[in-house]
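# Chain and residue survey
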Amino acid sequence: MTRSSGSRSARLLLVEDSPADARYLREVFKEAKIRNHLHHVADAEAALAHLATDTPDLMLLDMHLPGMQGAELIRAVRADARFASIPIVALAASELHAERMHREGLQAHCCLLKPISVHALLAWVAKIDTLGVALVTDGEAA
C-alpha cells in the first residue's frame, strides 16, 4: 500500500467488548503488517468519552456491545457534526447484524463478519484509500 508524501498515519479506534476479539484483531493487523496506532475501548460509552478528547481517522465497531449497542453509537456519531465524516467499519458476528444495518439505514462504510480473516482485511484495506485514510504497513514511514 502506498501513501502520498506528507500524509500521516491514521489513528484507529477499536470499539470491542471482547478482549479475545480485540487481541485477535490486533494479531490480524500484525499479520497484515499494518502499523497504525490502534486505540481500544470496550464499550460505546468509552468510545464517546474517547471522542471527546481525540477524533480518530477510522472507527472499527463491534455491533453487539454491552449497554449502548453499535447501532446506537453509529447514530450518535453521525448526529454530531464533529464526527459525522469518520469512516466506520462495522464488525458483526452474523449476517443478521449486516442486514439490520442495511434495513435501518445505518451509515457505516462497510460491515465485516467476525472472525475477520487476513484475506478479508487485506481486501478491505485495498479499498480504504477511497475513505481518505492511510494505513501504514511495514516498509513505509510511520
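Read on for a plain summary of the structure. (Residues numbered from 1 in each chain as written. Predicted model: local features only at pLDDT ≥ 70, side-chain atom pairs only at ≥ 80, totals over all residues. Heavy atoms only, no water.)

Right, let's get into the overall build of the protein. When its secondary structure is counted, the protein shows five helices and five strands. In the protein, the succession of helices and strands from N to C terminus is β-α-β-α-β-α-β-α-β-α. For the protein, long-range pairs separated by at least 24 residues make up 71% of all intrachain contacts whose partners lie at least 6 apart in sequence. Per element, the accessible surface of the protein, about 7400 Å² overall, is 55% carbon and sulfur. (Helix = DSSP H or I, 4+ residues; strand = E, 2+ residues; numbered from the N terminus. Contact = heavy atoms within 4.5 Å. Areas by Shrake-Rupley, 256 points an atom, 1.4 Å probe, with all protein chains shown as cover.)

Let's shift gears to the sheet that holds strand E4 (residues 88-92). In spatial order, the strands read E2-E1-E3-E4-E5; together these five strands make up an open sheet with parallel pairing. Looking at strand neighbours, the two that pair on one side only are strand E2 (37-41) and strand E5 (110-113), the edges of this open sheet. Neighbour-to-neighbour, the strand axes of the sheet open up by a mean angle of 20°, direction not taken into account. Inspection of the sheet shows E4 paired to E5 by four bridges, in the parallel sense. Following the sheet pairing, Ala92 is matched in E5 by Leu113. (Pairing = 2+ DSSP bridges. Axes fitted to C-alpha atoms, helices over the stretch in contact; angles between N-to-C directions.)

These values are about where atoms sit, not about what they do.
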